[in-house]
Amino acid sequence: MSETVVARLTAAGRSAVAVVGLSGSRAEELISICFEPASRTPWRSGQIRYGMWRPSPDASAEQIDGESVVLTPMAGDHFEIHGHGGAAAVSRIMGSLVHLGATPVDASTWRVLVSGRDNEANEPLIAEAELALTQCTTRPNTAIALHQCRGALLEWTREWIERLGWQPESLGELNASAAELWQRRSMGRHLTVPYRVVLAGPPNVGKSSLVNRIVGYGRSITHNEAGTTRDVVDCDTVIGGLPIRLGDTAGIRSGGGVIEREGIRRASLAIAAADLVLVVVDPTTISERPAIESTIGELRSTAQVLRVLNKSDRIDAGTLRGEENGGWIQTIATPLDSSAITGSIPAESSDGIDALIAAIAHRLRPQPPPDHAPLPVNARQVRWIEAIAIADDVSSALDQLQCLRSGAE
């Protein structure tokens, strides 16, 4: 095996961005052959360098098109190449490096090999962040995970271990800092797991049409007969850079046949596990909103709730009487036509769909974390950070910081 290895570090499959790692004694040599930087300033660890990747080193710029990439030199002989997430783009980058003598390896093998060259790579917090990075599918999540790979949480842990040693009176500040990190646990979890957004409401209020409009194609069957949706219909999408799993559920109502009642039971399970529930009604069923939200509460769901008044073109003067006028997102989810199903999305600007999409992203992640901010990327880290946040003596806090750093369960 060559001393220089190359691996795709982000998840396989379709994504906005992919990260390819190159490491070894010839890494800088190979980079200089394939990468044409926008500026010729010397490399500096951690900097961001924009340029073009020429997949055929023997061809001139006039003979072959390059691909825009971002290159980040890391410590030692490591480089990260950030390019388009499509399989063809990744294959071109990796193929050019393999052609020049690099050995292709998978992400797990990469971590083992690199850890032998870089002491920091032996840190469990770095290894856990790299594992999370391989499962990211969107650009914002990849950026957050990369900050952890570069030591954001590790540095936070190191600094507090050192500080508590000579300044034990700072325990209260540590508790507050850990509590702030703990508040970011949902963000860390959803680096690798899609947010679960479930549409719930009475039958025939347009939930399926809303799903189709949000994702831009005919995922759910729509019909003007109540009870068309009998099961939970899931589809994955990206909203505001966040991975989302939308769930279209059976209309909630009493009665119905055996199949419909089973659909309502499954809808209840989906609601109970959701991060966000869109309570969808129309002008004829708006009075059922309190009962639906009460049902969500009875399911012990911790999900946030977003109220959607669909078919809002049918509102009359008394529709919102007694309701909070500012608490509704009003939509008109007209069914997609055949051209939309093949890929083009209707361009209406007054149907509320864009506002709904923006509201979903804002509710799930009101603001991104500050650049280079530490956050936990798995349940183990969350448990130790929670313990640190409530530690009432310096000795316990130091033990828990060491457990967080060492990878202890």
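To start, this report covers the structure provided alongside it. Keep in mind the model is a prediction, meaning the values are calculated, not measured.

## Description of the sheet that holds strand β13 (residues 329–330)
Move 1: Across the sheet, 6 strands lie side by side as β9-β10-β8-β11-β12-β13; this open sheet has mixed pairing. Edge positions in the sheet fall to β9 (233–239) and β13, since each has one partner strand and no second.

## Section: the pattern of salt bridges
Move 1: Within this structure, the stated rule accounts for 16 salt bridges.
Move 2: A salt bridge links Arg26 to Glu29; the nearest nitrogen and oxygen atoms lie 3.1 Å apart.
Move 3: Where Arg405 meets Glu123, a salt bridge forms, and the shortest distance between an N and an O atom there is 2.6 Å. Here Arg405 is found in helix α15 (residues 394–406), whereas its partner Glu123 is found in the loop between α3 (107–115) and α4 (124–133), with 282 residues between them in sequence.
Move 4: Among the residues examined, Arg405 registers a relative accessible area of 24% and is labelled partly exposed.
Move 5: For Glu123, a relative accessible area of 11% translates into the label buried.
Move 6: Taken together, the salt bridges that share partners define one network made up of Glu123, Glu155, Arg158 and Arg405.

## Concerning the state of the cysteines
Move 1: For the structure on display, the rule yields 0 disulfides.
Move 2: Residue Cys149 stays outside any disulfide, its sulfur separated by 8.2 Å from that of Cys136, the closest cysteine.

## What to know about the environment of Ala27
Move 1: Inspection of the secondary structure assignment puts Ala27 in helix α1 (residues 27–34).
Move 2: Taking relative accessible area as the criterion, Ala27 reaches 0% and is therefore assigned buried.
Move 3: Along the sequence, Ala27 and Glu3 sit 24 residues apart, while their C-alpha atoms lie 9.4 Å from each other.
Move 4: When neighbours within four sequence positions are excluded, Ala27 is seen to be in contact with Thr4, Leu22, Asp77 and Phe79.

## Notes on the environment of Thr134
Move 1: Counting through the fold element by element, Thr134 comes out in the loop between α4 and α5 (139–149).
Move 2: Residue classification places Thr134 among the buried positions, given a relative accessible area of 16%.

## Looking at the nonpolar core
Move 1: Leu246, Leu278, Leu356 and Ile360 are the most contacted members of the largest nonpolar core, which has 26 residues in total.
Move 2: Contributions of two or more residues to this core are made by β8 (195–200), α9 (207–215), β9, β10 (242–248), β11 (276–281), β12 (304–309) and α13 (353–364).
Move 3: Top element by residues in this core is α13. It accounts for 6 residues.
Move 4: Counting 21 residues, the second-largest nonpolar core is a separate cluster that includes Leu125, Ile161, Ala387 and Leu404.

## Examining helix α11 (residues 289–298)
Move 1: Listed as buried for α11 are Arg289, Ile292, Glu293 and Ile296. Along the axis of α11, the buried residues cluster in a sector spanning 95°; they form a single face.

## Observations regarding helix α7 (residues 171–182)
Move 1: Along its 12 residues, α7 runs 16 Å from first to last C-alpha, staying within 8% of the 16 Å computed at 1.5 Å per residue.
Move 2: Within α7, the full set of buried residues consists of Leu171, Leu174, Asn175, Ser177, Ala178 and Leu181.
Move 3: Elements that come into contact with the buried residues of α7 comprise α6 (152–166), α8 (185–189), α14 (379–389) and α15.

## Some thoughts on the sheet that holds strand β1 (residues 5–8)
Move 1: Across the sheet, which stays open at both edges, the 7 strands sit in the order β3-β4-β5-β6-β2-β1-β7 with mixed pairing between neighbours. If you trace the sheet from one side to the other, it starts and ends with β3 (35–37) and β7 (103–104), each paired once.
Move 2: In this sheet, strand β5 (residues 67–73) lies alongside strand β4 (residues 49–53) in antiparallel orientation, the contact comprising 5 bridges. Counterpart to Tyr50 in the pairing with β5 is Val70.
Move 3: Packed onto the sheet, α1 meets β2 (17–23), β3, β4, β5 and β6 (78–84) and runs at close to 70° relative to β3.
Move 4: Together, β1, β2, β4, β5, β6 and β7 form the strand contacts of helix α2 (residues 87–99), whose direction differs from that of β1 by roughly 170°.

## Structural notes on the packing of α14 against α15
Move 1: Look at α14 against α15: their axes get within 9 Å of each other, and the N-to-C directions meet at 165°. The angle between α14 and α15 places the two elements in the roughly antiparallel class. The handedness of the crossing between α14 and α15 is left-handed. Residues Arg380, Gln381, Trp384, Ile385, Ala387 and Ile388 of α14 form the contact with α15, whose participating residues are Gln400, Leu401, Cys403 and Leu404.
Move 2: Residue composition of the contact of α14 with α15, grouped by class: 7 nonpolar, 2 polar and 1 charged.

## Topic: the packing of α7 against α14
Move 1: Two numbers describe how α7 lies on α14: the axes approach to 7 Å, and their chain directions differ by 145°. Helix-helix and strand crossings are classified by hand; for α7 and α14 the assignment is left-handed. Where α7 abuts α14, its residues Leu174, Asn175, Ala178, Ala179, Leu181 and Trp182 lie against Val382, Ile385, Glu386, Ile388 and Ala389.
Move 2: Split by residue class, the contact of α7 with α14 holds 9 nonpolar, 1 polar and 1 charged.

Cut-offs and rules
Residues numbered from 1 in each chain as written. Predicted model: local features only at pLDDT ≥ 70, side-chain atom pairs only at ≥ 80, totals over all residues. Heavy atoms only, no water. Pairing = 2+ DSSP bridges. Helix = DSSP H or I, 4+ residues; strand = E, 2+ residues; numbered from the N terminus. Salt bridge = Lys/Arg side-chain N within 4 Å of Asp/Glu carboxyl O. Buried < 20%, exposed > 50% of the residue type's maximum accessible area, 1.4 Å probe, protein only. Disulfide = S-S within 2.5 Å. Contact = heavy atoms within 4.5 Å. Core = buried A, V, L, I, M, F, W, Y, C linked by side-chain atoms within 4.5 Å. Arc of directions from axis to C-beta. Expected span 1.5 Å × (residues − 1). Axes fitted to C-alpha atoms, helices over the stretch in contact; angles between N-to-C directions. Parallel < 35°, antiparallel > 145°, perpendicular 65-115°, else oblique. Left-handed = near helix turned anticlockwise from the far one by under 90°. Nonpolar A, V, L, I, M, F, W, Y, C, P; charged D, E, K, R; others polar.

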